[in-house]
Amino acid sequence: MEAKELYDNILKLMKEHHNWFNNSIPLIASENIPSPAVREAVVSDFGNRYAEGWPGERVYAGCTYIDQVENICNELAKKVFRSEFADCRATSGVVANLAIYSAFSNPGDYMIASSIPSGGHISHGKKEHSGTAGLVHGLTIEHFPFSKEEMTIDTDMTKKKIETMANEGKSPKIAMFGGSLFLFPHPVKELSDFLHSYNIYVNYDGAHVAGLIAGNQFQDPLREGADSMTMSSHKTLWGPQGGIIVSLEKYGESIKKAIFPGNTSSHHLHHVAGKAIALSEIIEFGEEYAKQVIKNAKMLAYSLANYGFNVLGEKRGYTESHQLAVNISKYGDGGNIEKDLEKCNIILNRQLLPGDIKEGRNYLHPSGIRIGVPEVTRLGMKENEMHEIATFIKKIVIDKQDGSKILHDVIEFRKRFQKVQYAFDNETSAYEYIQLVNRDK
Ligand code: DSN
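Residues numbered from 1 in each chain as written. Predicted model: local features only at pLDDT ≥ 70, side-chain atom pairs only at ≥ 80, totals over all residues. Heavy atoms only, no water.

A.B. asks: Give me the site of the ligand: which residues, what numbers.
C.D. replies: Taken together, Ser 30, His 121, Ser 180, His 208, Lys 235 and Arg 370 make up all the residues around the ligand. Contacts to the ligand include Ser 180, whose side-chain N or O atom sits 3.0 Å from an oxygen atom. The contact in question runs from an oxygen atom of the ligand to an N or O atom on the side chain of Arg 370, over 2.7 Å. Contact with the protein chains hides 66% of the accessible area of the ligand, taken as 240 Å² for the molecule alone. Within the shell around the ligand, the residues separate by chemical class into no nonpolar, four polar and two charged. (Near = heavy atom within 4 Å. Polar contact = N/O pair within 3.5 Å; in protein donor to acceptor, adjacent residues only side chain to side chain. Areas by Shrake-Rupley, 256 points an atom, 1.4 Å probe, with all protein chains shown as cover. Nonpolar A, V, L, I, M, F, W, Y, C, P; charged D, E, K, R; others polar.)

A.B. asks: Explain the environment of Arg 416 residue by residue, including any values.
C.D. replies: With respect to the secondary-structure elements, Arg 416 resides in the segment after helix H14 (403–414). The sequence separation of Arg 416 and Met 381 amounts to 35 residues, and the corresponding C-alpha distance is 9.2 Å. (Helix = DSSP H or I, 4+ residues; strand = E, 2+ residues; numbered from the N terminus.)

A.B. asks: A description of the side chain of Arg 39 should follow, citing residues and the corresponding values.
C.D. replies: Of note, Arg 39 is situated in helix H2 (residues 36–42). Look at Arg 39: it is buried, it has no salt bridge, and the nearest opposite charge is Glu 432 at 6.8 Å. For Arg 39, the residues in contact, after removing those within four places along its chain, are His 18, Pro 34, Ser 429, Ala 430, Tyr 431, Glu 432, Tyr 433 and Ile 434. (Buried < 20%, exposed > 50% of the residue type's maximum accessible area, 1.4 Å probe, protein only. Lys, Arg positive; Asp, Glu negative; His and termini not counted. Salt bridge = Lys/Arg side-chain N within 4 Å of Asp/Glu carboxyl O. Contact = heavy atoms within 4.5 Å.)

A.B. asks: If you had to explain the sheet that holds strand E12 (residues 323–327) to someone new, which residues and values would you point to?
C.D. replies: Taken in spatial order, the four strands make up an open sheet running E11-E12-E15-E14, and their pairing is antiparallel. Among the strands making up the open sheet, the edge pair consists of strand E11 (310–311) and strand E14 (349–351). Of the strand pairs in this sheet, E11 and E12 are connected by two bridges, and their pairing is antiparallel. Among the inter-strand pairings, Asn 310 is bridged to a residue of E12, identified as Asn 327. Lying on the sheet, helix H11 (residues 334–343) is in contact with E14 and strand E15 (368–372); it crosses E14 at an angle near 165°. (Pairing = 2+ DSSP bridges. Axes fitted to C-alpha atoms, helices over the stretch in contact; angles between N-to-C directions.)

A.B. asks: Please give an account of the pairing of E15 that cites residues and values.
C.D. replies: Extensive coverage of E15 is indicated by the burial of five of its five residues. Alternating positions in E15 separate into two faces, Gly 368, Arg 370 and Gly 372 on one and Ile 369 and Ile 371 on the other, with burial throughout. As paired elements, E12 and E15 share five bridges and run antiparallel to each other. Note that in E15 the partner of Ala 325 across the bridge is Arg 370. As paired elements, E14 and E15 share three bridges and run antiparallel to each other. Note that in E15 the partner of Arg 350 across the bridge is Ile 369.

A.B. asks: Describe in detail unusual backbone geometry, supporting the description with residues and values.
C.D. replies: Between Phe 260 and the following residue, Pro 261, the backbone shows a cis peptide bond with an omega angle of 5°. Secondary-structure assignment places Pro 261 in helix H9 (residues 252–263). Despite not being glycine, Arg 82 shows a phi value in the positive range, around 45°. Take Arg 82: it is sitting in the loop between helix H3 (64–81) and strand E2 (85–87). Residue Arg 82 is classed as partly exposed on the basis of its relative accessible area of 48%. Of note in the backbone geometry, Met 151 takes a positive phi value of approximately 55° without being a glycine. Topologically, Met 151 is positioned in the loop between strand E5 (146–147) and strand E6 (152–153).

A.B. asks: Which residues make up the sheet that holds strand E10 (residues 243–247), and what values go with them?
C.D. replies: Pairing is mixed across the open sheet formed by seven strands, whose spatial order is E2-E10-E9-E8-E7-E3-E4. Each end of this open sheet is capped by a strand with a single partner; those strands are E2 and strand E4 (140–143). Averaged over all pairs of adjacent strands, the angle between strand axes in this sheet comes to 20°, irrespective of strand direction. Pairing between strand E9 (residues 228–232) and E10: five bridges, direction antiparallel. Bridge pairing links Thr 230 to Ile 245 in E10. Seen against the sheet, H3 touches E2, E9 and E10 and runs at an angle of roughly 130° to E2. Strand contacts of helix H4 (residues 93–104): strand E3 (110–113), strand E7 (174–178), strand E8 (201–205), E9 and E10, with the helix running at about 155° to E9, the strand carrying the most contacts.

Structure representation (structure tokens):
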């Protein structure tokens, strides 16, 4: 294809993507739909500028307004997470974690974190899995012992493991709580003092649950003893893609240097503006939203369990977060079921579950799916809609019903939810394509 044909095709494909999502049920636990104001920030000229460094100490001119917005963003982050220090420059959650590794450990040191099937994120991972911590910063990773029954980190076993590691001269430099499969709070308050007594720096990766923490509906890591919290700005926290770090004041200077010049040059100023807008929305609407997210996740879990699905965490009511995990090995594998659902415009992702690797499964064909409700909740869905979604999933996965009929019903269902809720402004529809180029000329 000629360049102009490719150009036209790219614009067409982006528009088709918007149309598809406008007709779909988006259930990826790590995604959300930002407000029109956040989307406006993302297309603004901020995105074409450089502002390396800290507001007031930039390496470039032209930052008069950018500095004001970034200062507001940092102040909002401190207020929302009740932290002494905030740095909103990380361009992703991975970069935020890398900044913590750079600031508080050296290559060759040990870190304790969750394994991926037990909920850890690739940025916490081992070198042999190309995980960021091992591959990029040279950390040696040991895993938190995990309780499948409780679906969280096992506190007593962790203490024993740390004692053993210390006796062998392998005491970790960092303990990394949090992760990607995250149904119940992690034992931060139970373990922080113990970890600090071994001089272990405690970070909480709140990428997934930052919006729930902001809305006071999950654990509160900084009050429970964490030294810092890294997060994404675009999951339950509904901003543009990016990262944020909040911490105790005494760690601020080290974190600032680790972000710039350590791990970023440009820090995506349009996204900083979007983060600031998202944080202001969280102050106004965050608590109500977070409560509804958790109600929705629980309702979806109970509805699926009532249909016979093996929803994990039954003993504890399935979930206290925005997501749930289902072992669907009775009906296929996570990879195939993800595809069957996608054909009916139900978009979620397959998930490695605890025990999968030992049973010879891999990330392409795991035993699970993970379902998240941040985005459907932002679209205004409540408990009744969660039951309807569970029914769609049952018809596809258990009953193996005709996909074309279900696709039609999903599209009809979605027509009722066109706007972003929990926002100061929502005249522009949630997935409306922002067209700046006249295609008819
Ligand atoms: N891997 C993403 C997830 O949890 O879906 C986060 O980066």
